[in-house]
Amino acid sequence: MNPTQITARRRRPIRTLKSSARQTDRARAWRQPTQRAKHPAAKAEELLKIIPLGGQEEVGRNMTVFEYGKDIIILDMGIQFPEEDMPGIDYIIPNISYLQGKEKNIRGVIFSHGHLDHIGAAPILLAKLKYPQIIGRDLTISLIKKRLEDHTKGSAKKLDITTVKSTRDKLRLGKFNVSFFDVEHSIMDAVGVILTTPAGTVVHPGDWTMEKDPLTHKPVSYAHLSRLPSPKILMLESLGATDTRHEMVSEREMFANIEWLIREATGKVIIGTFSSQIRRIGHILEYAKKVNKKVALDGYSMKMNVEIAKELGYIKVSRDTLIPVNEIHKFPDNKIIIICTGAQGEGNAVLSRIIAGDHKFIKIRKNDTIIFSSSVVPGNERTVQRLKDNMYRQCDNVVHNEIMDVHTSGHCNAQNIKEILRQVRPDYFLPVYGNHYFLKEAAKLATEVGMHKSNIFVLDNGSVLEFPLQGEPKLQAKKVPSSYVFVDGLGVGDVGQVVLRDRQAMAQDGMFVIIVTVDAQTGQVRNSPDIISRGFIYMRENKELLYQVRQKVKDIVHHATGDRGPINQDFIKENIRDKIGQFLYSKTERRPMVLPVIIEV
Ligand SMILES: [Zn+2]
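Remember, it's a predicted structure, so these values are computed and weren't measured experimentally.

Colleague: Can you help me understand the overall build of the protein chain in this one?
Modeller: Each helix and strand counted, the protein chain has 14 helices and 25 strands in total. Principal-axis analysis of the C-alpha atoms places the extent of the protein chain at approximately 90 × 75 × 50 Å. Burial analysis of the protein chain (601 residues in total) assigns 52% to the buried set. Residue pairs at least 24 apart in sequence account for 73% of intrachain contacts in the protein chain once pairs closer than 6 positions are excluded. Of the side-chain charges in the protein chain, 87 are positive and 69 negative, and the distance between the mean point of each set is 3 Å.

Colleague: What am I meant to see in the environment of Lys418 here?
Modeller: Mapped onto the elements, Lys418 comes out in helix α10 (residues 414–424). Taking the C-alpha atoms as reference points, Lys418 and Ser142, separated by 276 residues in sequence, lie 34 Å from one another. Dropping the residues within four chain positions of it, Lys418 is found in contact with Leu445, Glu448 and Val449.

Colleague: Before we go on, may I ask you to explain the sheet that holds strand β13 (residues 269–272) in this structure?
Modeller: Hydrogen bonding along the main chain pairs the strands of a sheet, whether they run parallel or antiparallel. Ordered in space as β14-β15-β13-β16-β17, the five strands form an open sheet in which the pairing is parallel. Looking at which strands have only one partner, the edges of the open sheet turn out to be β14 (294–298) and β17 (397–399). Taking each pair of neighbouring strands and ignoring which way they run, the sheet shows an average axis angle of 15°. With respect to the sheet, helix α6 (residues 278–290) is in contact with β13, β14 and β15 (336–340), its orientation differing from that of β15 by roughly 175°. Helix α7 (residues 300–311) contacts β14 and β15 of the sheet and is inclined by roughly 120° relative to β14.

Colleague: Teacher, can you tell me more about the coordination of the zinc ion here?
Modeller: Ideal values for angles at a metal depend on the geometry: 109.5 degrees with four tetrahedral donors, 90 or 180 degrees with six octahedral donors. Donor atoms from the polypeptide that coordinate the zinc ion comprise His113 (NE2), His115 (ND1), His185 (NE2) and Asp207 (OD), at 2.1 to 2.3 Å from the metal. Coordination at the zinc ion is irregular: its four donor atoms span angles of 93 to 162° at the metal.

Colleague: So what exactly am I meant to see when it comes to the confidence of the model for the protein chain here?
Modeller: Note: predicted coordinates in regions of low pLDDT should not be interpreted at a detailed level. When pLDDT is averaged along the protein chain, the result is 88; 92% of the residues meet or exceed 70. Note on residues 1–29: pLDDT under 50 across the span, and 33 contacts to partners over four residues away in sequence or across chains.

Colleague: How should I be thinking about the nonpolar core in this particular structure?
Modeller: The nonpolar side chains of a soluble globular protein tend to be buried with one another. Grouped together as the largest cluster of nonpolar side chains are 67 residues, with contacts concentrated most on Ile74, Met77, Ile93, Leu99 and Ile337. Looking at this core, the element that brings in the most residues is α6, giving six residues. When near neighbours in sequence (up to four residues on either side) are disregarded, Ile337 contacts Ile262, Val269, Ile271, Ile284, Ala288, Lys293, Lys294, Val295 and Ala296. Of all hydrophobic cores here, the second largest spans 30 residues; its members include Ile50, Leu75, Ile110 and Met235.

Colleague: Even after reading the chapter, I still don't get the packing of helix α5 (residues 251–264) against α6, so can you show me in this structure?
Modeller: The angle between the axes and the distance between the axes are what describe a pair of packed helices. In contact at an axis separation of 11 Å, α5 and α6 are set at 45° when each is read in the N-to-C sense. Viewed along their axes, α5 and α6 adopt a mutual orientation that is oblique. Seen along the crossing, α5 lies across α6 with a hand that is right-handed. Packed against α5, whose contacting residues are Glu251, Met254, Phe255, Ile258, Glu259, Ile262 and Arg263, the element α6 presents Arg279, Arg280, His283, Ile284 and Tyr287 at the interface. For the contact of α5 with α6, the residue count by class is six nonpolar, one polar and five charged.

Colleague: Would you explain the pattern of salt bridges in this entry?
Modeller: A side chain of one charge can pair with a side chain of the opposite charge if their charged atoms are brought near each other. According to the stated counting rule, one finds 22 salt bridges in the structure shown. A salt bridge links Asp150 to Lys146; the nearest nitrogen and oxygen atoms lie 3.6 Å apart. Of this pair, Asp150 and Lys146 both sit in helix α4 (residues 138–151), separated by four residues, roughly a single helical turn. We classify Lys146 as partly exposed; its relative accessible area is 26%. Salt bridges sharing common partners tie together Lys268, Asp333, Arg365 and Asp368.

Colleague: Help me understand the pairing of β13, please; the structure alone is not making it clear to me.
Modeller: Across a regular strand the side chains alternate sides, sitting on one face of the sheet and then on the other. Neither face of β13 is open: one carries Val269 and Ile271, the other Ile270 and Gly272, and all of them are buried. Alignment of β13 against β15, held across four bridges, turns out to be parallel. Paired with Ile271 across the two strands is Ile339, which belongs to β15.

Thresholds applied
Residues numbered from 1 in each chain as written. Predicted model: local features only at pLDDT ≥ 70, side-chain atom pairs only at ≥ 80, totals over all residues. Heavy atoms only, no water. Helix = DSSP H or I, 4+ residues; strand = E, 2+ residues; numbered from the N terminus. Buried < 20%, exposed > 50% of the residue type's maximum accessible area, 1.4 Å probe, protein only. Contact = heavy atoms within 4.5 Å. Lys, Arg positive; Asp, Glu negative; His and termini not counted. Charge placed at Lys NZ, Arg CZ, Asp CG, Glu CD. Pairing = 2+ DSSP bridges. Axes fitted to C-alpha atoms, helices over the stretch in contact; angles between N-to-C directions. Donors = N, O, S within 2.8 Å, 3.2 Å for Na, K, Ca; no water. Tetrahedral: all angles 85-135°; square planar, octahedral: opposite > 155°, others 65-115°. pLDDT = per-residue confidence, 0-100. Core = buried A, V, L, I, M, F, W, Y, C linked by side-chain atoms within 4.5 Å. Parallel < 35°, antiparallel > 145°, perpendicular 65-115°, else oblique. Left-handed = near helix turned anticlockwise from the far one by under 90°. Nonpolar A, V, L, I, M, F, W, Y, C, P; charged D, E, K, R; others polar. Salt bridge = Lys/Arg side-chain N within 4 Å of Asp/Glu carboxyl O.

Structure (C-alpha cells):
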C-alpha cells in the first residue's frame, strides 16, 4: 500500500444549520429569565447545594457533591494525571476535606461511566468515606471492583453496590429522587443522571457526544429531558466547546476505514487505541474473524478490560481469532492484527516499546500498517509527535486522524453543545468537566442559542452554588477546600507543595550536598568538607570551584562557632545554605538545591 493512497481523506462540504421558524419561537420563549415557583411542601431553609470538588479547572479529577438538607449524593471520583511541573507524582485525586465528618450523610456515590477520570480515585476515596453505597451500570461497577482489587487486595468485598440494570431504574436517596438516561460516549455503559429535589432538577450526562450514525443502536436524543420538572439545571461536560467543526466523523465511517486498512494490509496491522475502547476492540475482533486474520491484544489494562467485557457478554471473542502475543510468529504477517495501548506515547506502554525495538515479540517492518485509533490527550502533544516521527522512520504506512478518519471522539463539539441545549432547554446551565476556558466557551455557546447570561454559572473547584426553593440561585462567597491531593506510590496526600517545590528545584538545577564534620567540643571543622553534586555541575571539571566552596564552608563554620562549642546546627546550616547558594549563583547563574549536613564528633 502506498501512503499517498490513503491521504485522500473525504472533505465534506460545510452545511449551514437548518433553522426552522418553530425552533426560533421556542428559543425566544426560553430566553426569559426563569420564574421560580414556590414549592408548597418544603421548608424555606431547605436548599440544594452543588459543590464541584474537581473537574472544573482541569481535565480529570471529576467529582461533584450534591447536598440537600442532610442528604449528600456524590457523582464520580476521578483522577487527574500530573502536569509536567509535578515530578514523581503518579496522579492527583479530589480533596474531600469538605466531606469529613459528614460520612454518615452520604446516601450514595453514582458513577457515570468507567473512565479513570471518573472512577480512578474510588479505591482511596471510598475507603476514606467508609464505603458508602455505590451506584452504576455493570461495566462501570466491574471496572471499579477491578481497580479496588489492584489497589488493595480484598477491598472490593467491602463495596455496597447498587447496579443500574436499565435507564428506567429509579432510586430514592434521602431527599433525592435519582433516575437515569442514555448517553452516547466512548465507553459502554455510560449513563446520564437526573437528580430531582424540591429546589430543582439536576441533569448531568457525565461525558457525552452525539453520534449521528452509531452501528449498534439508534442515535441517542436528549430531547425527552426537556419535560423534566423545572427549574432544570443542566451540568454539561464541555470539552468540545472549542471544536468548531460542523460535522464529526461517524462510527460507521471510522469502522469502514479501519476495515479497509485491515483488508488491504500486506504486513502486520498494529492498532494503538485507548484500553477503554471496548466496543471498538470488539468490532475489530469480529471483523478479523470475517477476513480470517488473528488478533493479539497487548497492554495489561486492555487485556483486563476485554476480559471483563467478555464475562459480561458485551463482546464476542472467538477462540480461533484471539491469540496470545507470543504466538504471532506462527502466522504470516498479513494475517496478524495487534491491538495495543500506548498511543499517548507513555514511556513504558506497548506502542512505545514496539517503536523502541524493546518488544519481545513484535518487530516493525516497513510494510506493516500502524493505525493511531485515538485522540491526543491534552498535554501529550509533544510526546505523541515524537512517537509518530519514530514510526514514520520505521514504517511506510502510518495512519492517524490527520490522514484518514480512524478515530471518533467520545466528546461533543461546539455544534453538539448548542444542539443539546436546544433539546433539553434548561433553566440554568453549568458547563463542567474541563479547563476553565472550555467552560467559558461553552457558556458563550449557551448565550448564542438564547440563554440568559444570569442563568449560566461557570464554577471553580470548591465553589458552592445554592438553589433555594424560591428566588434566584446564589454563589456562596466562600469556597470549600479543593487543593491538590497528590498520590505518589503508596503515599496519599503526604507530598505537599513543599516537597513538590523541592523536586522542581532539583529537576531545574540539581542538588549540591555539603557534608561538614565539626568537633563538638571546639567547634572546629575536621578534615575538608565532602561535596556531592547531582545534576548541577560535573565535579571533575570544576575542581577550582569546589575548592573555593570548601574554603568558604570552613570560613562560615568558623565564623558561626567562633571556634567554641557547643555549636548551633540550625544556624550553621542556614548560613551555609544562603552563602554557598549565593556564591554558586554568582559563579554559574544556577540555583541548585544546597543541602548542608553537619556531623558532630
Ligand atoms: Zn469519559
